[in-house]
Amino acid sequence: MISVAICDDDEKQLETISALLTEYQALRPDVSMRVSGFSSGESLIACTKSVFFDLYILDVLMPGVNGIAVGLRLREMGAAGEIIYLSASRDFAVESYQAQAFFYLLKPVASDRLFPVLDRVAALLNRRQTEEILIHTPGGPERVALQDILYVERVQRSMCYHCAGGKAVSSVSLRVPFQEAVSSLLKHRCFLICGASIALNLRHVNAVEQGVAIMSDATRVPIPRRLGAQIRRAWMDYWLEANAT
C-alpha cells in the first residue's frame with residue numbers, strides 16, 4: 001500500500017489528480033494506493049507531524065506556504081517520501097531540487113505524462129520496502145529500513161544508526177573496523193563513508209557546507225574539512241544520477 005498526499009489549493013485540481021490516481025490503479029492492479037487530499041500547505045504540514053506519506057504530489061503555486069516551502073519543511077521534519085511537483089510554470093524547477101523532488105510536471109497534467117512517473121515511483125518504493133538492515137542491539141536483533149537511516153556513526157565501541165523521526169538504534173560492541181561494519185550499507189550507492197567514523201545517506205543530505213553535512217531533519221553532521229569538496233561532489237553526482245534514471 002502506497003500512501004499518497006495530494007496538496008493543491010484548487011479543488012478542481014485535487015479532484016482531477018485524485019481521478020487520475022484512481023484510473024492509474026485500475027490499470028495497475030498490483031499497485032494499491034491510499035490517497036489523502038489537502039487544500040493548503042499548512043494543513044499538510046500539520047498532518048505530517050503525526051503521519052508520513054510515501055508520495056507527496058504538491059502544487060507549486062499556492063497562497064500562504066508554497067509547494068517548494070512545503071517540500072523543504074517536510075524534509076526538515078524527516079519525511080523521506082517522494083515528491084512530485086505540479087506547476088503551470090517552469091520557473092521553480094531548479095528550486096524543486098532543494099526539496100529532493102522526484103519529478104517536476106507541468107500543468108495541465110495528463111495520464112500519458114503522469115503514469116510513467118508513477119510507475120517509476122511505485123517500483124522505487126517497492127524496492128525500498130524490501131531493503132532492510134539487521135542490527136544486532138543489546139536488546140536483540142532489530143530490522144531497520146535503509147530508507148529511514150539518515151547517517152551512521154561510531155560512538156565509542158558501538159554503531160549508532162540515526163533514523164528519520166529522531167529514532168536512534170545502537171548496536172552491540174564492534175569487533176571489526178568501522179568500514180567493515182558499514183560494508184553492507186556501502187553496497188547501496190546512496191551511502192557514503194566520510195572519514196573514520198561517519199557514513200551518510202546521501203538521500204537525506206540537504207546541503208554540504210564547510211565541515212558539516214546538513215541532513216533532511218536539519219541535523220548538522222560534522223565531516224572532515226579536507227573531504228568537503230569530495231563529499232559535495234559525491235552528493236551532487238548521486239542526485240544527478242537519481243534524477244536521470
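What counts, and at which threshold
- Residues numbered from 1 in each chain as written.
- Predicted model: local features only at pLDDT ≥ 70, side-chain atom pairs only at ≥ 80, totals over all residues.
- Heavy atoms only, no water.
- UniProt positions renumbered as here; feature names shortened; annotations may be inferred.
- Helix = DSSP H or I, 4+ residues; strand = E, 2+ residues; numbered from the N terminus.
- Contact = heavy atoms within 4.5 Å.
- Areas by Shrake-Rupley, 256 points an atom, 1.4 Å probe, with all protein chains shown as cover.
- Lys, Arg positive; Asp, Glu negative; His and termini not counted.
- Charge placed at Lys NZ, Arg CZ, Asp CG, Glu CD.
- Buried < 20%, exposed > 50% of the residue type's maximum accessible area, 1.4 Å probe, protein only.
- Polar contact = N/O pair within 3.5 Å; in protein donor to acceptor, adjacent residues only side chain to side chain.
- Pairing = 2+ DSSP bridges.
- Axes fitted to C-alpha atoms, helices over the stretch in contact; angles between N-to-C directions.
- Parallel < 35°, antiparallel > 145°, perpendicular 65-115°, else oblique.
- Nonpolar A, V, L, I, M, F, W, Y, C, P; charged D, E, K, R; others polar.
- Disulfide = S-S within 2.5 Å.
- Core = buried A, V, L, I, M, F, W, Y, C linked by side-chain atoms within 4.5 Å.

If you check an unreviewed UniProt entry, the protein appears there as Stage 0 sporulation protein A homolog from Candidatus Pullichristensenella stercorigallinarum. In UniProt, the protein has this text filed under Function (unreviewed entry): "May play the central regulatory role in sporulation. It may be an element of the effector pathway responsible for the activation of sporulation genes in response to nutritional stress. Spo0A may act in concert with spo0H (a sigma factor) to control the expression of some genes that are critical to the sporulation process."

A. Focus on the overall build of the protein. Within the protein, the secondary structure is distributed over eight helices and 15 strands. Taken along the three principal axes of its C-alpha coordinates, the protein extends 60 × 40 × 30 Å. For the protein, the proportion of contacts with a sequence separation of at least 24, taken over those separated by at least 6, is 53%. Accessible area for the protein stands at about 12100 Å²; split by element, carbon and sulfur atoms hold 52% of it. Distance from the positive charge centre (25 side chains) to the negative charge centre (26 side chains) of the protein: 9 Å.

B. Local environment of the side chain of D59. By the secondary structure assignment, D59 is in strand β3 (residues 55-59). Its relative accessible area of 5% is what places D59 among the buried residues. Within polar-contact distance, the side chain of D59 engages the side chain of K107 at 3.0 Å.

C. Up close: the pairing of strand β9 (residues 158-163). Across the six residues of β9, six count as buried, placing the element largely inside the fold. Here β9 shows a buried face lined by S158, C160 and H162 and a second buried face lined by M159, Y161 and C163. Relative to β9, strand β8 (residues 149-155) runs antiparallel, the two being bridged by six bridges. Along β9, the bridge assignment pairs V155 with S158.

D. Summary view of the sheet that holds strand β2 (residues 33-38). Taken together, five strands build an open sheet; the order of strands is β2-β1-β3-β4-β5 and the sheet is parallel. Of all the strands in the sheet, just β2 and β5 (103-106) have a single pairing partner and so form its edges. Averaged over all adjacent pairs, the angle separating strand axes in this sheet is 20°, with direction ignored.

E. Structural view of the packing of helix α2 (residues 41-48) against helix α3 (residues 67-76). Axis separation between α2 and α3 bottoms out at 10 Å; the angle between their running directions is 10°. One way to sum up the angle between α2 and α3 is to call them roughly parallel. On α3, the residues touching G41, L44, I45 and T48 of α2 are V70, R73 and L74. In the contact of α2 with α3, the residues fall into four nonpolar, two polar and one charged.

F. Summary view of the environment of S184. Mapped onto the secondary structure, S184 falls in helix α7 (residues 183-186). You can call S184 partly exposed: its relative accessible area is 33%. Separated by 51 residues in the primary sequence, S184 and I133 place their C-alpha atoms 8.1 Å from one another.

G. The arrangement of the state of the cysteines in detail. Under the criterion given, the structure shown has zero disulfides. The thiol of C7 is unpaired, and the distance to the nearest cysteine sulfur, on C47, comes to 11 Å. Residue C7 is classed as buried on the basis of its relative accessible area, which comes to 1%. Looking at C47, the relative accessible area reads 22%, which means it is partly exposed.

H. Representation of the UniProt feature "modified residue: 4-aspartylphosphate" (unreviewed entry) in the protein within the structure. Residues annotated in UniProt with the feature "modified residue: 4-aspartylphosphate" (unreviewed entry) correspond here to D59. Beyond its immediate sequence surroundings of up to four residues, D59 is in contact with C7, D8, D9, G67, L86 and K107.

I. Spatial organisation of the environment of Q210. Position of Q210 relative to the elements: it lies in the loop between β13 (205-209) and β14 (212-215). Judged by its relative accessible area of 65%, Q210 is exposed. For Q210 and R233, which are 23 residues apart along the polypeptide, the C-alpha to C-alpha distance reads 13 Å.

J. Up close: the nonpolar core. Among the nonpolar cores identified, the biggest contains 36 residues, and I149, Y161, L185 and L200 are the most heavily contacted of them. Secondary-structure elements contributing two or more residues to this core are β6 (132-137), β8, β9, α6 (178-181), β12 (198-201), β13, β14 and α8 (228-244). Formed by 25 residues, the second largest nonpolar core is a distinct cluster that contains L14, I57, L86 and F102.

K. Spatial organisation of the side chain of E82. For E82, the location among the structural elements is in strand β4 (residues 82-87). A polar atom in the side chain of E82 sits 2.6 Å from the side chain of R203.

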